[in-house]
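Structural overview
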Amino acid sequence: MKNVKYLLLAATLGLSSQVQAAPGCSAANLNGSYVLYQNSVALANLHTGRCEITVLNGVVGGSCAFTTTQSGVITPGFAGPVSGTATMNTDCSAVAQLDFSPAPNVTVQSFFDLQFTPDKQSFIGQWTNNFGLLGTSAGTRFSPFLPSTPAK
């Protein structure tokens, strides 16, 4: 009976150490290329966007294209370069800031709160910006070497 207790104790300790050894996320897991889609849920500025970005050691660069909706009419909006920063937490949540300038002396700073899937290949989340807008975002990794629809 005494040996069974030691065996159960050893098995329990072994199992708990295996659970703790489950892979989490690190800053390096964020490195790569992504396509992300976002939409504004603020009635004052309804719009959608598609971005292709690359993250390398917390630095973000890429391009985005937005469309706006006014009175039911969809029109092209800003299209151009974006830059920013991003960090990944050990629980696979991430935060990012993307900045772009749609007009002279105007900088839009968007702040993303994201949650990655366990395989670290895609995410979903929300964003706000320095003009008080908010919306949702989703994205996935992609290879810039494979054919894709460019942000326009």
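Every value quoted in this text rests on a predicted model; they were computed, and no experiment measured them. (Residues numbered from 1 in each chain as written. Predicted model: local features only at pLDDT ≥ 70, side-chain atom pairs only at ≥ 80, totals over all residues. Heavy atoms only, no water.)

1. A short note on the environment of N89
- Relative to the helices and strands, N89 is located in the loop between β4 (73-88) and β5 (93-103).
- Using a relative accessible area of 34% as the deciding quantity, one classes N89 as partly exposed.
- Ignoring anything within four residues of it in the chain, the contact list for N89 reads C25 and A94. (Helix = DSSP H or I, 4+ residues; strand = E, 2+ residues; numbered from the N terminus. Buried < 20%, exposed > 50% of the residue type's maximum accessible area, 1.4 Å probe, protein only. Contact = heavy atoms within 4.5 Å.)

2. Comments concerning the sheet that holds strand β1 (residues 32-40)
- Here we have eight strands rolled up into a closed barrel, ordered β1-β2-β3-β4-β5-β6-β7-β8, and antiparallel in their pairing. Each neighbouring strand pair of the sheet contributes to a mean axis angle of 25°, computed without reference to strand direction.
- The pairing of strand β2 (residues 47-56) with strand β3 (residues 59-70) spans 10 bridges and is antiparallel. Its bridge partner lying in β3, G49 is registered against F66. (Pairing = 2+ DSSP bridges. Axes fitted to C-alpha atoms, helices over the stretch in contact; angles between N-to-C directions.)

3. Brief notes about the nonpolar core
- The biggest cluster of nonpolar side chains holds 27 residues, and the ones touching the most others in it are L30, Y34, I53, V55, F112 and F116.
- Those elements that place two or more of their residues in this core are β1, β2, β3, β4, β5, β6 (106-116) and β7 (122-129).
- Ignoring anything within four residues of it in the chain, the contact list for L30 reads V55, A86, T87, M88, F116 and R141. (Core = buried A, V, L, I, M, F, W, Y, C linked by side-chain atoms within 4.5 Å.)

4. Let's talk about unusual backbone geometry
- Although it is not a glycine, N57 sits at a positive phi angle of roughly 55°.
- Summarising the element assignment, N57 is placed in the loop between β2 and β3.
- Take N57: its relative accessible area is 63%, and that puts it in the exposed class.
- Backbone geometry at N105 places phi at a positive 65°, although glycine is not the residue there.

5. Some remarks on the state of the cysteines
- Taken as a whole and assessed by the stated rule, the structure comprises two disulfides.
- Shown here is the disulfide that connects C25 with C92, its sulfur atoms set 1.8 Å apart. Linking C25 and C92, the disulfide has an S-S dihedral of approximately 85° and is accordingly described as right-handed. Here C25, found in the loop between α1 (2-20) and β1, pairs with C92, found in the loop between β4 and β5; they are 67 residues apart in sequence, far enough to count as distant. Here the two residues C25 and C92 agree in accessibility, since each one is buried. (Disulfide = S-S within 2.5 Å.)

Limitation: the analysis is restricted to geometry and does not speak to function.
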